Amino acid sequence: MHMNVAPHLLTEDRAEYERLLDDALSTAHARPDLAGAGTRLTLAQLRALTLNATTLVTSAAASEYDHFVKVREQHRAALGTRTPASSDRPGPGPGVVAILTVMVPVLAGAAAVIFLLVGAVLHAIAPTVVFGATLLTAGLVFGAVAAAGLLGAAAGLLVTALRNSPAEVNRGGPPAAAPDDELSCAREAWRRALLERGILPFLRDVLAATTPPTGPPGP
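Here goes a summary of the coordinates provided.

## Remarks on the overall build of the protein
Inference 1: The helix and strand tally for the protein stands at seven helices and zero strands.
Inference 2: Written out in order from the N terminus, the α and β elements of the protein read α-α-α-α-α-α-α.
Inference 3: Classification of the 219 residues of the protein by burial places 24% in the buried group.
Inference 4: Within the protein, residue pairs in contact and separated by at least 24 positions form 80% of the contacts whose partners lie at least 6 positions apart.
Inference 5: Here the protein has roughly 14500 Å² of accessible surface; of this, 67% comes from carbon and sulfur atoms.

## A look at the nonpolar core
Inference 1: If you look at the biggest cluster of nonpolar residues, it comprises 29 residues, and the most contacted ones within it are Leu46, Val57, Trp190, Leu194, Ile199 and Leu203.
Inference 2: Elements that contribute at least two residues to this core include exactly α1 (14–26), α2 (43–52), α4 (62–81) and α7 (179–209).
Inference 3: Top element by residues in this core is α7. It accounts for eleven residues.

## Regarding the pattern of salt bridges
Inference 1: With the rule as written, the count across this model stands at eleven salt bridges.
Inference 2: Note that Arg19 is salt-bridged to Glu16, the shortest N-O span being 2.3 Å. Residue Arg19 and its partner Glu16 are both found in helix α1; the two are separated by three residues, about one turn of the helix.
Inference 3: Look at Arg19 and you get partly exposed, because its relative accessible area is 42%.
Inference 4: Residue Glu16 is classed as buried on the basis of its relative accessible area, which comes to 15%.
Inference 5: Taking the shortest distance from any N to any O, the salt bridge between Glu188 and Arg191 comes out at 3.6 Å. Taken together, the residues Glu188 and Arg191, both in helix α7 and three residues apart, mark about one turn of the helix.

## A closer look at a nonpolar patch on the surface
Inference 1: Residues Ile99, Val102, Met103 and Leu107 make up a contiguous nonpolar surface patch of about 370 Å² in total accessible area.
Inference 2: Mapped onto the elements of the fold, Leu107 is located in helix α5 (residues 95–125).

Calculation rules
Within each chain, residues carry numbers counting from 1 in the order of the written sequence. The predicted nature of this model means local features are confined to residues of pLDDT at least 70 and side-chain atom pairs, given and counted, to a pLDDT of 80 or more, with totals for whole chains, interfaces and linings taken over all residues. Note that water and hydrogens are dropped before the side-chain values are worked out from all heavy atoms of the structure. Counting from the N terminus, the helices are DSSP H or I runs at least four residues long and the strands are E runs at least two residues long. Type-normalised accessible area, obtained with a 1.4 Å probe on protein chains alone, sets the label of each residue: buried when under 20%, exposed when over 50%, and partly exposed for intermediate values. Two residues form a contact once any of their heavy atoms are found within 4.5 Å. A 1.4 Å probe and the Shrake-Rupley method give the accessible areas. Residues count as covered only by the protein chains that appear here. In plain words, nonpolar cores are sets of buried Ala, Val, Leu, Ile, Met, Phe, Trp, Tyr and Cys residues tied together by side-chain atoms within 4.5 Å. What makes a salt bridge here is a side-chain nitrogen of Lys or Arg within 4 Å of a carboxyl oxygen of Asp or Glu, nothing more. Exposure above 30% relative accessible area and no salt bridge define the residues that can form patches, which grow by joining like charges within 9 Å and nonpolar side chains of Val, Leu, Ile, Met, Phe, Trp and Tyr within 5 Å.

Structure (structure tokens):
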């Protein structure tokens with residue numbers, strides 16, 4: 001069955017319209033105002049009639065739908081313009097300072113281990129040799145340099161984390177409404193209006209039109 005599309009109903013929302021109609025038909029047996037659904041007219045017939053009258057049915061919730069579409073477009077536009085600041089222009093490379101911050105602790109630590117090991121071995125083999133003590137001293141110096149480099153790297157990471165933290169903080173005021181919440185509310189308002197002012201009244205009218213007359217028979 002071909003579904004007519006109302007002028008204000010976008011193609012992406014047709015599935016939602018059909019879903020609301022199917023939900024209403026599936027619970028028709030529990031609605032006293034829809035008595036006769038499935039008897040005087042089958043659910044398939046009611047569905048086909050409602051889909052063919054899409055223009056009429058959806059026009060009952062036109063204002064809610066227009067608001068929903070407007071909020072959705074604003075939401076999509078906001079998502080399209082919300083890009084990281086770093087993507088606006090290519091950032092500089094790591095730089096000499098960053099490379100030194102990483103390499104100095106590594107190289108100094110490796111040198112400290114080598115000097116301490118070699119110095120300890122020489123000092124154990126020949127305690128009177130001055131060169132062993134010199135290597136031990138150099139190992140301690142490089143160890144101190146490695147420790148200082150690690151502290152500098154940790155400080156750099158802390159500064160970077162603080163610099164990249166969100167700039168906008170809610171300072172004690174009430175939280176602002178999220179765009180997703182506004183979009184959800186607009187969608188739900190349209191769905192409710194479409195069901196209560198469009199789909200259900202149309203189904204009631206169709207069933208009432210098919211009610212057999214109850215007056216006395218003619219002569």
